[in-house]
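# Fold and geometry: a report
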Amino acid sequence: MPASAAVVLSWNSADTGVTQGSDFNGIVGGSVLAGLTAHVDYTLQSVSGNDWTFGYSVENTSSAPVTASRVSIFGFDVTPDISGGSSTGVYDNFTADGNVPQIGFREACFSQVNCAGGAGAGALLGQTLFGTFTLTFASAQTDLSLENLFVRYQSIDAPGINGGSGTGVPPGTPIPEPATWAMMIIGFGAIGTMLRSQRRRFVAA
């Protein structure tokens, strides 16, 4: 699917009570793993001054051939940028600008410990966990969007995988494969070498 198909969830300050959600696939070793799935709902509960408070539900919808998994983190980027936040429930640790394994930086990560997960907490296969999170802005806002949504899986058991980890994004979201990243890095290096070579020839002339 094209990049324009990426999931973006938007609310305005009058949308109290409105729930929006997203399904997530599961990516292990750069490939989508069948059966590794999750769903997260976000419900705007209140807007007060610079704070927007949401209720969340994180559901681990994984199924065969996955026999075990745990959704240890969920998160996203926010437009406009946030200045801080907090959360309750099992995912009671809010991290701003967190570096998520296999995903990279996201503006908001919710976990029990940090953006790397761990600690053995999170929604197990077939389980749904609930809580709230508050996003704080530098000034009052009338609209916001949640973008680049993700979840992180740990404790994955499936054929060929024992206790592995992975990530999930809404199905259809383009994710560069590891080989693609390698080709891009090699390409940028070749361009830099070519430009330096041309600069030397120009100076020598």
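For the structure itself, look to the data block above.
In short, a report on the structure. (Residues numbered from 1 in each chain as written. Predicted model: local features only at pLDDT ≥ 70, side-chain atom pairs only at ≥ 80, totals over all residues. Heavy atoms only, no water.)

### Some points on the overall build of the chain
Where we set the bar: Counting from the N terminus, the helices are the DSSP runs of H or I reaching at least four residues and the strands are the DSSP runs of E reaching at least two. Residue burial is assigned from relative accessible area. The probe radius is 1.4 Å, only protein chains are included, and a residue is buried under 20% of its type maximum, exposed over 50%, and partly exposed in between. In what follows, a contact means two residues having at least one pair of non-hydrogen atoms within 4.5 Å.
Looking only at helices and strands, the chain has 1 helix and 14 strands in total. Considering the chain as a whole, with its 205 residues, one finds that 39% of them fall into the buried category. Considering only contacts within the chain whose residues lie at least 6 apart along the sequence, 67% involve residues at least 24 apart.

### Regarding the packing of aromatic side chains
Our working rule: Whether two aromatic rings pair depends on their centres lying within 6.5 Å, for rings of Phe, Tyr and Trp, where Trp uses its six-membered ring; planes under 30 degrees apart make the pair stacked, over 60 edge-to-face, and the rest tilted.
Throughout the structure, instances matching the rule amount to 14 aromatic pairs. Both rings, one in Trp-52 and one in Phe-137, keep their centres 6.5 Å apart while their planes meet at 70°; by these two values the pair is edge-to-face. Note that Trp-52 is positioned in strand β6 (residues 51-60) and Phe-137 in the loop between β12 (128-136) and β13 (143-158), a separation of 85 residues in sequence. Accessibility expressed as a relative area gives 0% for Trp-52, which makes it buried.

### Considering the sheet that holds strand β2 (residues 19-24)
Let me state the cut-off plainly: Any two strands between which DSSP finds at least two bridges are classified as paired. Comment: axis = line fitted to C-alpha atoms, over the contacting stretch for helices; angle = value between 0 and 180 degrees taken between N-to-C directions.
Strand order in the open sheet formed by 5 strands is β2-β5-β6-β12-β8, with antiparallel pairing between adjacent strands. If you trace the sheet from one side to the other, it starts and ends with β2 and β8 (84-87), each paired once. On average, each strand axis in the sheet is tilted by 25° relative to the strand beside it, whichever way the strands run. Note: β8 against β12, 4 bridges, orientation antiparallel. Paired with Ser-87 across the strands is Phe-133, a residue of β12.

### A few points about the pairing of strand β7 (residues 68-79)
Most of β7 sits out of view: 10 of its 12 residues are buried. Where β7 lies against β13, 9 bridges are found, and the strand directions are antiparallel. Looking at β13, one finds that Asp-77 is bridged to Glu-147. Relative to strand β11 (residues 123-124), β7 is paired through 2 bridges, and the arrangement is antiparallel. Bridge pairing links Arg-70 to Leu-124 in β11. Where β7 meets strand β10 (residues 104-111), 3 bridges bridge the pair, whose relative direction is antiparallel. Among the inter-strand pairings, Phe-76 is bridged to a residue of β10, identified as Ala-108.

### Structural notes on unusual backbone geometry
Look at the link from Ala-64 to Pro-65: it is a cis peptide, with omega at 10°. You can see Pro-65 is positioned in the loop between β6 and β7. With an omega of 0°, the peptide bond between Thr-79 and Pro-80 qualifies as cis. By the element assignment, Pro-80 lies in the loop between β7 and β8. Phi angles above zero are rare outside glycine, and Asn-148 is one such case at about 50°. Considering the arrangement of structural elements, one finds Asn-148 in strand β13. Positive phi, close to 55°, is recorded for Ser-155, a residue that is not glycine. Take Ser-155: it is sitting in strand β13. For Ser-155, a relative accessible area of 34% gives the class partly exposed.

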